[in-house]
Amino acid sequence: LEETANMKGLIEQLLFLARGDNDSMPLQMETFDLSEIGEEVLRETRMIDSAHEYEARFTGALVTADKGLVKQALRILTDNAIKYTNAGGRIVLAVSAAGQESMVTVQDEGIGIPPEAVPLIFERFFRTDSSRARSTGGAGLGLSIAKWIAERHGGRMEVLSRQDLGTRITLALPRAPQPAEGLAGELETKA
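Bear in mind the structure is a predicted one, so any value in this text is a computation, not a measurement. (Residues numbered from 1 in each chain as written. Predicted model: local features only at pLDDT ≥ 70, side-chain atom pairs only at ≥ 80, totals over all residues. Heavy atoms only, no water.)

(A) Layout of the packing of helix α3 (residues 67-83) against helix α5 (residues 142-152). Orientation of α3 relative to α5, taken along the N-to-C sense of each, is 145 degrees, at an axis distance of 9 Å. Crossing geometry of α3 relative to α5 is assigned as left-handed. On α5, the residues that touch L69, V70, Q72, A73, I76, L77 and N80 of α3 are G142, L143, I145, A146, W148 and I149. Looking at side-chain class alone, the contact of α3 with α5 contains 10 nonpolar, 3 polar and no charged residues. (Axes fitted to C-alpha atoms, helices over the stretch in contact; angles between N-to-C directions. Helix = DSSP H or I, 4+ residues; strand = E, 2+ residues; numbered from the N terminus. Left-handed = near helix turned anticlockwise from the far one by under 90°. Contact = heavy atoms within 4.5 Å. Nonpolar A, V, L, I, M, F, W, Y, C, P; charged D, E, K, R; others polar.)

Structure, rendered in structure tokens:
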């Protein structure tokens, strides 16, 4: 039964990537605050995982994106933090905006990623030796899906990791104009 569930997950991830590669996945774009998605994922995660401590650091950060895909990317980052952080460890979800970007970050106190592996973690099917040694499951597709989501929205992924200290992964998306900014732009255009 467990193997069947694993295979189902693998097939769904492969289909997702195939649709993305064929550009046959239309985006349902809307403007929203990344904090909304952060709060949803944090609430859902706390319900299914009581083994870790969670901290939220949310400030307003508007994006125009596919809400479902952004939520999927954040779930992938959160699931990885859970897999590689020992029970009792702290996981921080943060949302912020800086310059032209709105960012959602997941930081853990996990096993970290070897420096030589960091450039490879977004490649399909890549798993570090330490993640293979643990019974974490997965096929090494989650981060490649998250990267695809970021790039499809004109965004990027950023990774900072230290072995035995933890990992911080940020999904950065183009920042949507703030309501006042949009209004100012409209007034300037009409003037």
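(B) Structural context of the pattern of salt bridges. Applying the stated criterion across every chain yields a total of 11 salt bridges. A salt bridge links E36 to K67, with the shortest nitrogen-to-oxygen separation between them at 3.2 Å. Separated by 31 residues along the polypeptide, E36 in helix α2 (residues 34-48) and K67 in helix α3 bring together distant segments of the chain. Here E36 falls in the partly exposed class, since its relative accessible area comes to 34%. Look at K67 and you get partly exposed, because its relative accessible area is 23%. Here E109 ties to R90 by a salt bridge, and the two come within 3.4 Å at their closest N and O atoms. Of the two residues, E109 is situated in the loop between β5 (101-108) and α4 (129-133) and R90 in strand β4 (residues 90-98); the sequence distance between them amounts to 19 residues. Here E109 falls in the partly exposed class, since its relative accessible area comes to 40%. Judged by relative accessible area, which is 30%, R90 ranks as partly exposed. Ionic contacts of the salt-bridge type, sharing partners, join the residues E40, E44, K71 and R75 into one network. (Salt bridge = Lys/Arg side-chain N within 4 Å of Asp/Glu carboxyl O. Buried < 20%, exposed > 50% of the residue type's maximum accessible area, 1.4 Å probe, protein only.)

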